[in-house]
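A structural walkthrough
As a plain string of letters, each chain reads:
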Amino acid sequence: MVGARRWIWMGLGGLLVVLLGLGLGSAEASGPLQPMVTVTGLPPMHDTATTALQPLKAMPPGPTDFAAPALTLAQAAPPRQVTALADPSNYGDRYLTDINGRPLQNDFIAVLHETVGSAQSALNLFRTHHPRDQDQVSYHSLIGRDGTIYYIVPPEKRAFGAGNSVFNGTNGLETARTNPAFPPSVNNFAYHVSLETPGDGFNNRRSHSGYTQAQYNSLAWLLAQTTIPDNRITTHQSVDRSGSRMDPRSFNSQTFFTQLRRYPTRSGLSG
Ligand SMILES: [Zn+2]
């Protein structure tokens, strides 16, 4: 059912090449808004001490002429996982109400990004204290070229992965304004995941050599743990309203969904 997904996807061709990668943060001032305390349906963070020592599971490319066997999460070899928490200035609370006191009840979406630079440079940026709201950036997680998953922002917290943005899905336009100083964005209900860009993509060209099979495998493994349906997995480019974002470039959605389909628990989520 590869063709049946409602993947919100735009072609890269023809778009102007502009800034990529880390979105300007829609940072939040702490105010009277009611924060979300717990969250369900998003991947948990993993304990560094026990997981960082796992050997790397570099998976060779699979055969392409027959279907890969189904996996359960318990059967799948977990990727290498590292907790690399961002400085708290770079993330905030998810809120239950917007600036006008209206309840925010959006289901979660997953927003895919790319780092443009190396994973290490992105992690260093997130660890840097950013007192100015406009400098604050983060993702919930980042997937390195070797498939390592870095957990950066706790899932119950709001990462500042997108600026002015809206998700256009089956429920219509979804966005939320929780800070009067910033335009509405998807951050309040987004789980932001970024892919480390290959070396030939550390530039503003429209495409590059793409992501490793290990990255697709880890991304599928990560999102298989969520309750986010396929049609709420989207990209920064798709939700961006500034016209300046086109990441993740050269993302192969078929490769990704082929991996995601290997987790049969996902099938019930397809809308
Ligand atoms: Zn992005």
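Residues numbered from 1 in each chain as written. Predicted model: local features only at pLDDT ≥ 70, side-chain atom pairs only at ≥ 80, totals over all residues.

Moving on, we come to the overall build of the chain. On a plain count of helices and strands, the chain comes out with five helices and 10 strands. Here the chain holds 271 residues, and 44% of them are scored as buried. At a minimum sequence separation of 6, the contacts of the chain that also span at least 24 residues come to 81%. (Helix = DSSP H or I, 4+ residues; strand = E, 2+ residues; numbered from the N terminus. Buried ≥ 20, exposed ≤ 12 C-beta atoms within 10 Å, placed from the backbone. Contact = placed C-beta atoms within 7 Å.)

Of all the six residues making up strand E9 (residues 190–195), six are buried; the element is thus mostly covered by neighbouring parts of the structure. Burial along E9 is two-sided: Ala 190, His 192 and Ser 194 and Tyr 191, Val 193 and Leu 195, pointing in opposite directions, are all buried. Across six bridges, the pairing between strand E3 (residues 109–114) and E9 is parallel. Paired with Ala 110 across the strands is Tyr 191, a residue of E9. Alignment of strand E4 (residues 141–143) against E9, held across three bridges, turns out to be parallel. Within the sheet, the bridge partner assigned to Leu 142 lies in E9 and is Ser 194. (Pairing = 2+ DSSP bridges.)

Right, let's talk about the nonpolar core for a bit. One finds Ile 109, Ala 110, Ile 152, Ala 220 and Leu 223 to be the most contacted residues of the largest nonpolar core, which totals 48 residues. Among the secondary structure elements, those contributing two or more residues to this core are E3, helix H2 (119–127), E4, strand E5 (149–151), E9, helix H3 (213–223) and helix H5 (253–260). For this core, the leading source of residues is H3, giving six residues. Look past the residues within four positions of Ile 152 in its chain and what remains in contact with it is Ala 84, Leu 85, Ala 86, Phe 126, Ser 138, Tyr 139, His 140, Ser 141 and Leu 142. (Core = buried A, V, L, I, M, F, W, Y, C linked by C-beta atoms within 7 Å.)

To continue, consider the pairing of E3. Across the six residues of E3, six count as buried, placing the element largely inside the fold. With burial as the criterion, each face of E3 is covered, one bearing Ile 109, Val 111 and His 113 and the other bearing Ala 110, Leu 112 and Glu 114. Inspection of the sheet shows E3 paired to strand E10 (residues 233–235) by three bridges, in the parallel sense. When the sheet's bridge partners are listed, Leu 112 is paired in E10 with Thr 235.

So, on to unusual backbone geometry. Here the residue pair Asp 247 and Pro 248 is connected by a cis peptide bond, since its omega of 0 degrees sits within 30 degrees of zero. Residues other than glycine seldom take positive phi values, yet Val 116 does so here, at roughly 65 degrees. Secondary-structure assignment places Val 116 in the loop between E3 and H2. Within the chain, Ser 250 stands out as a residue other than glycine whose phi angle is a positive 55 degrees. Within the element layout of this structure, Ser 250 appears in the loop between helix H4 (236–239) and H5.

Time to look at the sheet that holds E4. Taken in spatial order, the six strands of this open sheet run E1-E5-E4-E9-E3-E10, and their pairing is mixed. The open sheet is flanked by strand E1 (81–83) and E10, the only strands paired with a single partner. Neighbouring strand axes in the sheet, compared pairwise and without regard to direction, differ in orientation by 25 degrees on average. (Axes fitted to C-alpha atoms, helices over the stretch in contact; angles between N-to-C directions.)

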